[in-house]
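These are the residues of each chain, in order.
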Amino acid sequence: MSLEPEKKILKARDLSRREMLGLMGSTVTAVALAGCGSTGGQSGQSGSGQQASSSTCVVKPQQEEGPFFVDEELNRSDLRTDPSNDSVVEGVPVDLTFNVSWIDSSSSCTPLAGAVVNVWQCNALGSYSDVEDKAGQKFLRGYQVTDENGTARFTSIYPGWYEGRTVHTHFKVRTDPKTEQGYEFTTQLYYDDALTDQIHAQDPYAEKEQRTIKNNNDRVFQDGGDELMLDLTQDGQGGYVGTFDIALEKTHNQT
């Protein structure tokens, strides 16, 4: 499969509060929040009444949307079903949780309620739904709206691979997808190569030949992908669970 040219990608690095506030001026900067809701460091009250640490905030890279985003407007948590034919995609289950927050000029982290989080990925054999020969199908696509704690949850599968790319999952966060005034952040999640090799040795992944691209030689991963790794743990039932924390910098023109 061919991919569209890449967009310019913001490199990830640790920032001081002064650097973070000056990085993008009056625009919104996407940052990942490690430990929002925990105590320690320079903190403020979150929307849930918990202390939120700001000292662990780091800028995360946006990455290309790619050619396979289709806004199906499927509001659902379980992405494995295909409403076009009621089939269920086979693969190792992955429960994925996003925690989305604002970080304001005083470095206080507040859960972002009402944000739309879209997730899309290929199946175990490397195919995306509703494109090319899978047009009309809608597996492994959908969105959730973050709750009062800024949380959106999905059930998907461990992705397969396709020519030219390492294993990845796309996601997009939008504060107001119906208007041009809303903020949009798009990037990709990546997986540990050793775990991928282990899972891809199983069916149905093993029906396809071994992948040719791993993280260290993937053209997109090379621009900040190490900051977008999804840490997975086994759930004791043959699947995996993972959480990804992401915060957006709140500026004077954001309400």
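Look up: the structure comes first, before these words.
Residues numbered from 1 in each chain as written. Predicted model: local features only at pLDDT ≥ 70, side-chain atom pairs only at ≥ 80, totals over all residues. Heavy atoms only, no water.

### Looking at the environment of Asp231
Phase 1 of the analysis: By secondary structure assignment, the location of Asp231 is in the loop between helix H2 (193-200) and strand S14 (232-234).
Phase 2 of the analysis: Along the primary structure Asp231 and Tyr191 are separated by 40 residues, whereas in three dimensions their C-alpha atoms are 7.6 Å apart.
Phase 3 of the analysis: Those residues in contact with Asp231, other than ones at most four positions away along the chain, are Val241, Gly242 and Thr243. (Helix = DSSP H or I, 4+ residues; strand = E, 2+ residues; numbered from the N terminus. Contact = heavy atoms within 4.5 Å.)

### Things to note about the nonpolar core
Phase 1 of the analysis: One finds Phe98, Tyr158, Phe171, Leu232 and Phe244 to be the most contacted residues of the largest nonpolar core, which totals 40 residues.
Phase 2 of the analysis: Here this core takes five residues from strand S7 (residues 93-103), the largest share from any one element.
Phase 3 of the analysis: Excluding residues that lie within four positions of it along the chain, Phe244 makes contacts with Thr97, Phe98, Asn99, Phe171, Leu189, Glu227, Leu228, Met229 and Leu230.
Phase 4 of the analysis: Listed in part, the seven residues of the second largest apolar core include Phe69, Cys122, Tyr128 and Tyr162. (Core = buried A, V, L, I, M, F, W, Y, C linked by side-chain atoms within 4.5 Å. Buried < 20%, exposed > 50% of the residue type's maximum accessible area, 1.4 Å probe, protein only.)

### Observations regarding H2
Phase 1 of the analysis: Regarding H2, the residues found buried are Asp193, Leu195, Thr196, Ile199 and His200. All buried residues of H2 project into a common sector of 155 degrees when viewed along the axis, lining one side.
Phase 2 of the analysis: Residues of H2 that are buried make contact with S14 and strand S15 (240-249).
Phase 3 of the analysis: Backbone nitrogen of Ala194 and a side-chain oxygen of the N-cap are separated by 3.1 Å at the start of H2; the cap is Asp192. (Arc of directions from axis to C-beta. Polar contact = N/O pair within 3.5 Å; in protein donor to acceptor, adjacent residues only side chain to side chain.)

### Here's the deal with the sheet that holds strand S10 (residues 141-145)
Phase 1 of the analysis: Spatial strand order, S10-S9-S12-S13: four strands in an open sheet with antiparallel pairing. This sheet does not close on itself; its edge strands, each paired only once, are S10 and strand S13 (184-190). Across the sheet, the mean angle from the axis of one strand to that of its neighbour is 20 degrees, orientation sign disregarded.
Phase 2 of the analysis: Pairing of strand S12 (residues 168-174) with S13, which is carried by seven bridges, proceeds in the antiparallel orientation. By the bridge assignment, Val173 is partnered in S13 with Phe185. (Pairing = 2+ DSSP bridges. Axes fitted to C-alpha atoms, helices over the stretch in contact; angles between N-to-C directions.)

### Some remarks on the side chain of Lys172
Phase 1 of the analysis: Secondary-structure assignment places Lys172 in strand S12.
Phase 2 of the analysis: A polar side-chain atom of Lys172 sits 2.6 Å from a polar atom in the side chain of Glu65.
Phase 3 of the analysis: Polar contacts involving the side chain of Lys172 include one to the side chain of Thr186, which spans 2.9 Å.
Phase 4 of the analysis: Beyond its immediate stretch of four places on either side in the chain, Lys172 contacts Glu65, Phe69, Val116, Val117, Asn118, Trp120, Glu184, Phe185 and Thr186.

Everything listed is a geometric property; what it means functionally is a separate question.
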